[in-house]
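Now for the letters of each chain:
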Amino acid sequence: MSGNTEVSFGEAFRVWTKIGLLSFGGPAGQIALMHRILVEEKKWLSEPQFLHALNFCMLLPGPEAQQLATYSGWLLHGVKGGLAAGLMFILPGVAVMLVLSILYATYADLGTVEAIFFGIKAAVFAIVIEALIRIVKRAMKQGALYAVAAAAFVGIFFFDIPFPLVIAGAALLGFVALRSGLISSTPPDGGEDGNGATKPVTRTGMALRSFGTLVIGLALWLGPVAALIFFLGGGHVLAQQAVFFSQMAVVTFGGAYAVLAYVAQEAVQNYGWLSAHEMLDGLGLAETTPGPLILVLQFVGYLGAFRAETGLDPVMAGIAGSAVTVWVTFAPCFLWIFLGAPYIERLRKVESLNAIFATITAAVVGVILNLAIWFGLHVLFGEVAERHVSVLRLWVPDISTLDFWALALSIGALVAVLRFKMGMVSVLGLAALLGLAIRLV
């Protein structure tokens, strides 16, 4: 545990609430916001502390910005601080996304709503491309990592290799490549402890504390999953969502963009919870709300339960699906921080671990490229068929269904994002207005 007695918990809670309400712009904007408030304005964390925490969170599955908020709160006030910071980072976005999901499921068949989301989808395609470029600049520091990214893209796009296997293969490759000298491992930047964590005095005490954290965390995370399966049966939509999104919580290295292609394809093709175009709509909604982009999964959970035969009122079923999805998505994030933070110094010095996560990040680049192409095809074309040629899987668009307005909006959004550096909310808002004008005029 850790603590800074100079900062009152009440004051910190108000700051976490402010950060949660202002956390637009994806992980880059959210991390920049926290840095400005916590390091530059409040001076609650030193620069080395902040970077130390950020580099640790980048190694974990799940949304790094939410985990960074949790870790920062833990540094200041221990577990209760971490819970306050992490919860307030996501709760405003959860509330907004729930309202939008209810409105979408009820009114998405109206022409006005469809026109708005037509514009948003085109802008989202541009934002995915921008995210790909940003991650390449940040992560691809060695030539061998480009080969890993290419292999990951080919494996998932052409051979339909499951996302978890791609991640596992990248991890194994990182370990082997380090041993053979194909890649080098540079420990994350860090610094002195400042007002950082209070380390357990003995190894036994540290082990007992970690064991207690693990037991409590797993019970809170997986206990509801087991209860849903026991009382409703494994085939019930809520049980299916609890299991599926729990699995996603342990493989989402690299943030939301890295796993969305896999989630979209599973949710659309295997479970039938929503359509490909609705998945794009959900991503657009998540881009416009505060909080981590992974809240798009809440939209998926809502629509899947809303449309299933549950015996509940559809809206109540959707709310239940939304709640289950949010719980199993974010409960593990708190567990990773509370379990791993006391060991952060040891983790930072393990050379092989740094190499493993370097190749995982490179694989994530390939996965995001797959996401960009998959989303782009569904934005620009009315019909996209999945074809199989021997062991190859191909996505083949019907050229005659190309939507030239969608193409124009996507190009315009790309120019706005890449050339003029327009903010994400501004681009999405303008695209929504243009979509409304194009479809209804």
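The structure under discussion appears in the preceding block.
Here is a short report on the structure shown in this document. Just so we're clear, the structure is a prediction, and the values are computed from it rather than from any experiment.

## What to know about the overall build of the protein chain
- Counting its regular elements, the protein chain contains 17 helices and 2 strands.
- Residues counted as buried form 52% of the 441 residues belonging to the protein chain.
- Restricting the contact set of the protein chain to residue pairs at least 6 apart, pairs at least 24 apart contribute 76%.
- Carbon and sulfur atoms provide 68% of the accessible area of the protein chain, an area that totals close to 18,800 Å².

## Regarding the pairing of strand 1 (residues 384-389)
- Summarising the sheet, strand 1 and strand 2 (residues 392-397) pair through 6 bridges and their orientation is antiparallel. In the sheet register, Arg387 faces strand 2, and the bridge partner there is Leu394.
- If you look at the hairpin formed by strand 1 and strand 2, you'll find 2 residues sitting between the two strands, and Ser390 has a positive phi there, around 60°.

## Topic: the packing of helix 1 (residues 9-22) against helix 4 (residues 64-107)
- Taken N-terminus to C-terminus, the directions of helix 1 and helix 4 make an angle of 35°; their axes are 8 Å apart at the nearest point. Where helix 1 crosses over helix 4, the two elements pack in a sense that is right-handed. On helix 4, the residues that touch Phe9, Ala12, Phe13, Trp16, Thr17, Ile19, Gly20 and Leu21 of helix 1 are Ala69, Ser72, Gly73, Leu76, His77, Lys80, Gly81, Ala84, Ala85, Met88, Phe89 and Pro92.
- Across the contact of helix 1 with helix 4, the residue classes break down as 13 nonpolar, 6 polar and 1 charged.

## A short note on the layout of surface pockets
- By volume, the second largest pocket amounts to about 570 Å³.
- Lining the second largest pocket are 24 residues; nearest its centre among them are Leu83, Leu220, Ala331, Phe334 and Phe338.
- When residues of the lining of the second largest pocket are traced back to their parent elements, those giving at least two are helix 4, helix 8 (203-232) and helix 13 (314-340).
- Ranked by the residues each element gives to the lining of the second largest pocket, the list is headed by helix 13, at 8 residues.

Reading the values: the criteria
- Residues numbered from 1 in each chain as written.
- Predicted model: local features only at pLDDT ≥ 70, side-chain atom pairs only at ≥ 80, totals over all residues.
- Heavy atoms only, no water.
- Helix = DSSP H or I, 4+ residues; strand = E, 2+ residues; numbered from the N terminus.
- Buried < 20%, exposed > 50% of the residue type's maximum accessible area, 1.4 Å probe, protein only.
- Contact = heavy atoms within 4.5 Å.
- Areas by Shrake-Rupley, 256 points an atom, 1.4 Å probe, with all protein chains shown as cover.
- Pairing = 2+ DSSP bridges.
- Axes fitted to C-alpha atoms, helices over the stretch in contact; angles between N-to-C directions.
- Left-handed = near helix turned anticlockwise from the far one by under 90°.
- Nonpolar A, V, L, I, M, F, W, Y, C, P; charged D, E, K, R; others polar.
- 1 Å grid on protein atoms, 1.4 Å probe; cavity = no way out; pocket = protein on both sides within 12 Å on 5 of 7 lines; lining within 4 Å.
- Points joined across faces, edges and corners; volume = space filled by probe spheres on them.

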